[in-house]
Amino acid sequence: MCKYVAKPFLKWAGGKGQLLDTFDKMFPQELIEGKIKTYIEPFVGGGAVLFHILQNYKIEKAQINDINKELINCYRCIKADVEEVIKPLSILEKEYLSSENRNKYFYNVRERYNQIHLNGHYDYEKCADFIFLNHTCFNGLYRVNKEGKFNVPHGKYKKPLICDKENLRLCSQLLQKVEINFGSYEQVLEKADANTFLYFDPPYRPLLENNSFVSYDKAGFDDIDQIKLSQNYRNLNKQNCLLMLSNSDPKNINEKDNFFDDLYKSFNIERVYAKRMINCQANKRGNITEIVVTNYKRRK
């Protein structure tokens, strides 16, 4: 098995990189045997699972989607012409690392980024700004305010790797077999059939009421959306699709909170450990459980 030659080009809050070895043991037997030809990820985020599956399993085509249009612009630009991403990103990296006032440079780029409006499918300058901000902002977060403006502060890393040219090129190669969609996750569900494996990684249900770090789209994703997602999950199960879903585990905070246990009670629910930041305080980082829901039994 390939050990992650190409890695996600973004840092992403709640990213699944640390869980890939665990997920390998939880993927369906049909995927392991090469019987599944189509992979769909309706909430792609940082793409750790996507790139892992593309490199390690015999997938012929993939569909990804996200409601974050700036994120999808990045995937599309890297797929279409990665060199047009590398050129401006290399300049940003060189200027930032040599700047006498990195803090000012960061906020100047952030302001420009928020002023660029995506009118077409590809904006290479905004893609480069997106990746730059991701690698230089606080904890690699992507958070927007009510106006949809990116508002994560400067991260102040000593020597961040901003433009990983070789990895960007590898990601571009892998994305050639991927159809990239922007909008509601439900649009890609129509393309699923019995020969499809879908992995859902929606915006996590906050463990704390004041947790604002999960909002990377101004529309948000509340309990009503979580319930609607579970209904879609059940409908896909009736179509004999193979399904896997991740989410936060409310029992980390309240043992009596059965929100997801009730929503997915007719499916297989496992709890896995991941190192997460429960809130913005560094001392709240640690191993907590997350739920993984599948509509198939785990392989022996």
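Residue numbers restart at each chain and count upward from 1, following the sequence in its written direction. Under the rules for a predicted model, residues below a pLDDT of 70 receive no local features and side-chain atom pairs below 80 are neither given nor counted, while totals for whole chains, interfaces and linings still include all residues. Hydrogens and water are ignored here; the side-chain numbers use all heavy atoms of the structure.

A. Seen up close, the nonpolar core. Residues Phe9, Leu50, Tyr75, Ile78, Ile131, Phe132 and Phe197 are the most contacted members of the largest nonpolar core, which totals 66 residues. Those residues in contact with Ile78 that sit more than four places away from it in its chain are Phe9, Val85, Cys127, Ile131, Leu168, Cys171, Ser172 and Leu175. What we call a nonpolar core is a set of buried Ala, Val, Leu, Ile, Met, Phe, Trp, Tyr and Cys residues that are connected through their side-chain atoms within 4.5 Å. Relative accessible area decides the class of each residue, using a 1.4 Å probe on protein chains only: under 20% of the type maximum gives buried, over 50% gives exposed, and in between gives partly exposed. The criterion used for residue contact is that any of the two residues' heavy atoms lie within 4.5 Å.

B. Structural view of the packing of helix H6 (residues 102-115) against helix H7 (residues 124-136). Geometry is summarised by axes, namely lines fitted to C-alpha atoms with helices restricted to the contacting stretch, and by angles between N-to-C directions that run from 0 to 180 degrees. Only DSSP runs of H or I reaching four residues or more are called helices, and only runs of E reaching two or more are called strands; each is numbered from the N terminus. Between H6 and H7, the least distance of the axes is 10 Å, while the angle of their chain directions is 140°. For the element pair H6 / H7, the angle class is oblique. Where H6 crosses over H7, the handedness of that crossing is left-handed. Here Tyr105, Phe106, Val109, Arg110, Arg112 and Tyr113 of H6 lie close against H7, whose contacting residues are Glu125, Lys126, Asp129, Phe130, Phe132, Leu133 and Thr136. Basically, the charged four are Asp, Glu, Lys and Arg, the nonpolar ten are Ala, Val, Leu, Ile, Met, Phe, Trp, Tyr, Cys and Pro, and anything else, Gly included, counts as polar. Taken together, the residues of the contact of H6 with H7 sort by class into 7 nonpolar, 1 polar and 5 charged. Any angle between 65 and 115 degrees counts as roughly perpendicular, while under 35 counts as roughly parallel, over 145 as roughly antiparallel, and the rest as oblique. Crossing chirality is assigned from the near helix's rotation relative to the far helix, an anticlockwise turn below a right angle marking it left-handed and a clockwise turn marking it right-handed.

C. Representation of the packing of aromatic side chains within the structure. Each pair of aromatic rings taken from Phe, Tyr and Trp, with Trp reduced to its six-membered ring, is defined by centres within 6.5 Å and is described as stacked if the planes are under 30 degrees apart, edge-to-face if over 60, and tilted in the remaining cases. On inspection of all chains with the given rule, the structure shows 22 aromatic pairs. Consider the rings of Tyr113 and Phe150, whose centres lie 6.0 Å apart with planes at 75°: the pair is edge-to-face. Taken as a pair, Tyr113 in helix H6 and Phe150 in the loop between H7 and helix H8 (165-174) lie far apart in primary sequence, 37 residues in all. Of the two residues examined, Tyr113 and Phe150, each falls in the buried class. Following the ring pairs from residue to residue traces out a cluster consisting of Phe23, Phe27, Tyr39, Tyr57, Phe197 and Tyr199. Whether a charge lies above a ring is judged from NZ of Lys or CZ of Arg, which has to be within 6 Å of the ring centre and within 35 degrees of the ring normal. Taking the ring centre of Tyr113 as reference, the NZ or CZ of Lys126 above it sits at 4.4 Å. Positioned above the aromatic ring of Phe259, the side-chain terminus of Arg205 is 4.0 Å from the ring centre.

D. Summary view of helix H5 (residues 82-98). By definition here, a helix of n residues has an expected span of 1.5 Å times n minus one. Here H5 spans 24 Å end to end across 17 residues, near enough to the 24 Å set by a 1.5 Å rise per residue. Every buried residue belonging to H5 is among Val82, Val85, Ile86, Leu89, Ser90, Leu92, Glu93 and Tyr96, and all of these are buried. The inward-facing, buried residues of H5 abut helix H4 (69-80), H6, H7 and H8.

E. Molecular detail of the packing of H5 against H8. At a minimum axis distance of 10 Å, the contact between H5 and H8 shows a crossing angle of 155°. Relative to H8, the element H5 lies roughly antiparallel. In this structure, H5 meets H8 at a crossing whose hand is right-handed. Facing Val82, Glu83, Ile86, Leu89 and Ser90 of H5, the residues of H8 in contact are Lys165, Leu168, Arg169 and Ser172. Among the residues forming the contact of H5 with H8, the class breakdown is 4 nonpolar, 2 polar and 3 charged.

F. Seen up close, H8. Listed as buried for H8 are Asn167, Leu168, Cys171, Ser172 and Leu174. Down the axis of H8, the smallest arc covering the buried residues is 160°, so these residues share one side. On the buried face of H8, the contacting elements are helix H3 (48-56), H4, H5, H7 and strand S3 (178-182). This arc corresponds to the set of directions leading from the helix axis out to the C-beta atoms.

G. Main features of the pattern of salt bridges. The salt bridge criterion pairs a side-chain nitrogen of Lys or Arg with a carboxyl oxygen of Asp or Glu, the two atoms within 4 Å. This model, assessed by the stated rule, comprises 15 salt bridges. One salt-bridge network, held together by shared partners, links Arg112, Glu125 and Asp129.

H. Representation of the environment of Tyr124. Note that Tyr124 resides in helix H7. Residues Tyr124 and Ile86 lie 38 residues apart in sequence; the distance between their C-alpha atoms is 9.2 Å. Those residues within four positions of Tyr124 in sequence are excluded, and the remaining contacts are Cys77, Ala80, Asp81, Glu84, Val85 and Pro88.

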